[in-house]
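# Observations on chain architecture
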Amino acid sequence: MEKAITRFAPSPTGYIHIGNVRSAIYPYLLAKQTGGTFILRIEDTDRARFVEGATDLIKETLLWLGLNWDEGPDIGGPHAPYFQTERKESYIAWAKKLIEKGLAYADPTPSEKIDEYRKADTAKKIPYLYRNHRPEETVEWQEGIPIRFKTTPKSYEWTDEVMGDMKSGPEVLDDIILIKKDGLPTYNFAHIIDDLEMGVTHVIRGQEYLSSMPNYLALYEALEIPRPKFVSLPHILAPQGNKKLSKRDGAKSVTDYKSDGVLPEAMLNYLACLGWNDGTEQEIYTMEELLEKFSLERIQNSGARFDETKLLWVNGMWIRKIHDEEGNDTLYAKIAPEFWPESANNYPEDYRKKVLNIIYDRLKLLSDLKTYTNYFFEEPVVDREMITKNKFLKKMSEDEIKGLLNTVSTRLSGEEDWSADNLQNVLNELLEETGKKPAELFSLIRIAISFAPFSPALPLTLETLGKDRVLARLNML
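Please read all numbers here as calculations on a predicted model, not as lab measurements.

### Thoughts on the overall build of the protein
Regarding its fold elements, the protein presents 20 helices and 11 strands. Scaling as 2.2 N^0.38, a compact globule of 477 residues should have a C-alpha radius of gyration of about 23 Å, whereas the protein reaches 31 Å, well beyond that. With respect to the three principal axes, the spread of C-alpha positions in the protein is 100 × 50 × 40 Å. For the protein, the residues scored as buried account for 50% of the 477 residues in total. Taking contacts inside the protein between residues at least 6 apart in sequence as the whole, the part at least 24 apart equals 75%. For the protein, the exposed area adds up to about 22900 Å²; of that, 47% sits on carbon and sulfur atoms. For the protein, the centre of its 61 positive side-chain charges and the centre of its 76 negative side-chain charges are spaced 5 Å apart.

### Here's the deal with the layout of surface pockets
In this structure, the largest pocket occupies an estimated 1100 Å³ of space. Going through the elements one at a time, β1 (5–8), α1 (18–33) and β8 (202–206) are the ones with two or more residues in the lining of the largest pocket. Here the second largest pocket is characterised by a volume of approximately 450 Å³. Lining the second largest pocket are 21 residues, with Tyr 270, Cys 273, Leu 274, Glu 283 and Lys 310 positioned closest to its centre. Those elements giving two or more residues to the lining of the second largest pocket turn out to be α8 (264–272), β11 (304–305) and α10 (308–326). Classifying every residue of the lining of the second largest pocket by side-chain character gives 9 nonpolar, 6 polar and 6 charged.

### Points about the sheet that holds strand β4 (residues 147–149)
Here 3 strands make up an open sheet; going across it, the order is β3-β4-β7 and the pairing antiparallel. Lying at the two open borders of the sheet, with one neighbouring strand each, are β3 (104–106) and β7 (177–179). Neighbouring strand axes in the sheet, compared pairwise and without regard to direction, differ in orientation by 35° on average. Relative to β4, β3 runs antiparallel, the two sharing 3 bridges.

### A short note on helix α2 (residues 54–65)
Here α2 contains 12 residues, and its C-alpha end-to-end distance of 17 Å stays within 8% of the 16 Å for a straight helix at 1.5 Å per residue. Inspection of α2 places Ala 54, Thr 55, Ile 58, Lys 59, Thr 61, Leu 62, Trp 64 and Leu 65 among the buried residues, and these make up the whole buried set. Phi turns positive, to about 85°, at Gly 66, one or two residues after α2.

### With respect to the packing of aromatic side chains
Summed over the entire model, instances satisfying the criterion amount to 17 aromatic pairs. Ring geometry for Tyr 257 and Phe 306: centres 6.2 Å apart, planes at 55°, overall tilted. With Tyr 257 in helix α7 (residues 254–260) and Phe 306 in the loop between β11 and α10, the pair connects residues that are 49 residues apart, well separated along the chain. In this structure, Tyr 257 and Phe 306 share a single accessibility class: buried. Geometrically, the ring pair formed by Tyr 270 and Phe 306 is edge-to-face, given 5.8 Å between the ring centres and 80° between the ring planes. Taken as a pair, Tyr 270 in helix α8 and Phe 306 in the loop between β11 and α10 lie far apart in primary sequence, 36 residues in all. For Phe 306, a relative accessible area of 3% corresponds to the buried category.

### Overview of the packing of α1 against α8
The geometry of α1 relative to α8 is characterised by a closest axis approach of 9 Å and an angle of 85° between their N-to-C directions. In terms of their interaxial angle, α1 and α8 are classed as roughly perpendicular. In this structure, α1 uses Ile 18, Val 21, Arg 22, Ile 25 and Tyr 26 to contact α8, whose residues at the interface are Met 267, Leu 268, Leu 271 and Ala 272. Tallied by class, the residues present in the contact of α1 with α8 amount to 8 nonpolar, no polar and 1 charged.

### Comments concerning the pattern of salt bridges
Tallied over the full model, the rule gives 33 salt bridges. Put simply, Lys 32 and Asp 70 hold a salt bridge, and the shortest N to O gap is 2.8 Å. Residue Lys 32 is located in helix α1, and its partner Asp 70 is located in the loop between α2 and α3 (88–100); the two are separated by 38 residues in the primary sequence. Taking relative accessible area as the criterion, Lys 32 reaches 29% and is therefore assigned partly exposed.

### Observations regarding the nonpolar core
Core analysis: the largest hydrophobic core is formed by 105 residues, its most contacted members being Leu 356 and Leu 474. Ignoring any residue separated from it by four or fewer positions in sequence, one finds Leu 356 in contact with Asn 328, Leu 331, Tyr 332, Ile 335, Trp 340, Leu 363 and Leu 369. Judged by nonpolar contacts, the second largest core, of 37 residues, contains Leu 98, Ile 145, Ile 147 and Met 213.

### Focus: unusual backbone geometry
That bond from Ala 80 to Pro 81 is cis: its omega, 0°, falls within 30 degrees of zero. Backbone geometry places Glu 224, a non-glycine residue, at a positive phi of 60°. Exposure remark for Glu 224: the relative accessible area of 62% places this residue in the exposed category. One non-glycine residue, Phe 451, lies in the positive phi region at around 45°.

Criteria and thresholds
- Residues numbered from 1 in each chain as written.
- Predicted model: local features only at pLDDT ≥ 70, side-chain atom pairs only at ≥ 80, totals over all residues.
- Heavy atoms only, no water.
- Helix = DSSP H or I, 4+ residues; strand = E, 2+ residues; numbered from the N terminus.
- Rg over C-alpha atoms; globule rule 2.2 N^0.38 Å.
- Buried < 20%, exposed > 50% of the residue type's maximum accessible area, 1.4 Å probe, protein only.
- Contact = heavy atoms within 4.5 Å.
- Areas by Shrake-Rupley, 256 points an atom, 1.4 Å probe, with all protein chains shown as cover.
- Lys, Arg positive; Asp, Glu negative; His and termini not counted.
- Charge placed at Lys NZ, Arg CZ, Asp CG, Glu CD.
- 1 Å grid on protein atoms, 1.4 Å probe; cavity = no way out; pocket = protein on both sides within 12 Å on 5 of 7 lines; lining within 4 Å.
- Points joined across faces, edges and corners; volume = space filled by probe spheres on them.
- Nonpolar A, V, L, I, M, F, W, Y, C, P; charged D, E, K, R; others polar.
- Pairing = 2+ DSSP bridges.
- Axes fitted to C-alpha atoms, helices over the stretch in contact; angles between N-to-C directions.
- Expected span 1.5 Å × (residues − 1).
- Phe/Tyr/Trp six-rings, centres within 6.5 Å; stacked < 30°, edge-to-face > 60°.
- Parallel < 35°, antiparallel > 145°, perpendicular 65-115°, else oblique.
- Salt bridge = Lys/Arg side-chain N within 4 Å of Asp/Glu carboxyl O.
- Core = buried A, V, L, I, M, F, W, Y, C linked by side-chain atoms within 4.5 Å.

Below, the structure is given as structure tokens:
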């Protein structure tokens, strides 16, 4: 397979969303599996929408996911600079070549006049195309005057690696702007020049650019440069599957998911499979497996629905995978301090690790630790409704409940071996002694020591809390 040179070229106009990230994962995988080059390029020519700090957020997100770039900001490379605003002279030079060939022109037409053209065509119920209003006389270009492409309407055919063979008619071509009034290029022009000068072999981007392909193809032809391979990614759809995913559908930024406690391995895994599969039933992939199995041929050409529930399931699987395969210490190292209850700071690291070791398989998000482990670090608030509403306990009288807890407390107070294995034996003996079912006795003990919706296996919870705290809590009711 030829070495692929790919790029991720986001605009620093806000937070980095799910679709952005998937458009980085696929070119990364293709470049790495072919021994090629993955380039990060910042398309920052839209100054009106530029957001301070957005570039840093893009870089941090890629590094968090393990998508390290081979060329780009901070590390440089043979095709520097990697910010479009720093490549201005190159775009102007290429635009001037088109002017010299009679394939572009300086256009001083004021925006008010252009609006008039648009309104007039709308009133006539004909498609608005600027080429129908092209100025008859040209002017010499100078900065401050936009440069437009002088298109020649014709049909085009091309092959998309995902969408297959495609074609368009002459009616969609127009005199698009190449260089704006501020001297900076439009995306339509800049990305073609950048891809050429950086040697990009595969242009991997969202399906929304398909409608602009005829104009791009006209530019490749006018510039007399070879076309790269085109890979159009299907839309990521809202959960209902009826439209493209947006903020209005509850989609959060990747940073928000990170802050909620989604692991980078899980986010990478989930997004890579959102519109791609290797033809098997496998759902959990490491980076190494993705690099081995990924192929452009297996990208689907229809939209993929974003399912946050599935993302959380994948995250839970990764939490368990890291713990079970790499160890509790490795998982613990991935947990930021803010994911723990604040009171956990009062306890030594060994104790926090012990708590994690018995609770990890319940977690869907690392931030669930705050909810699920409070009672290990602070005294729980007594909530008698948890007993009166429990289907196994609600028929018991208060005296019966107190009697059971007293029996349990008396039995446990005499135990010197406070290991989980011994405590399990003691609990089994208490079942026989009290004549209660496990769902009754164990539910009562669990609620009394935690007042939490659930807890890990009861013997492990007792062992971790310690004898003194368990006995004190059993006597609280």
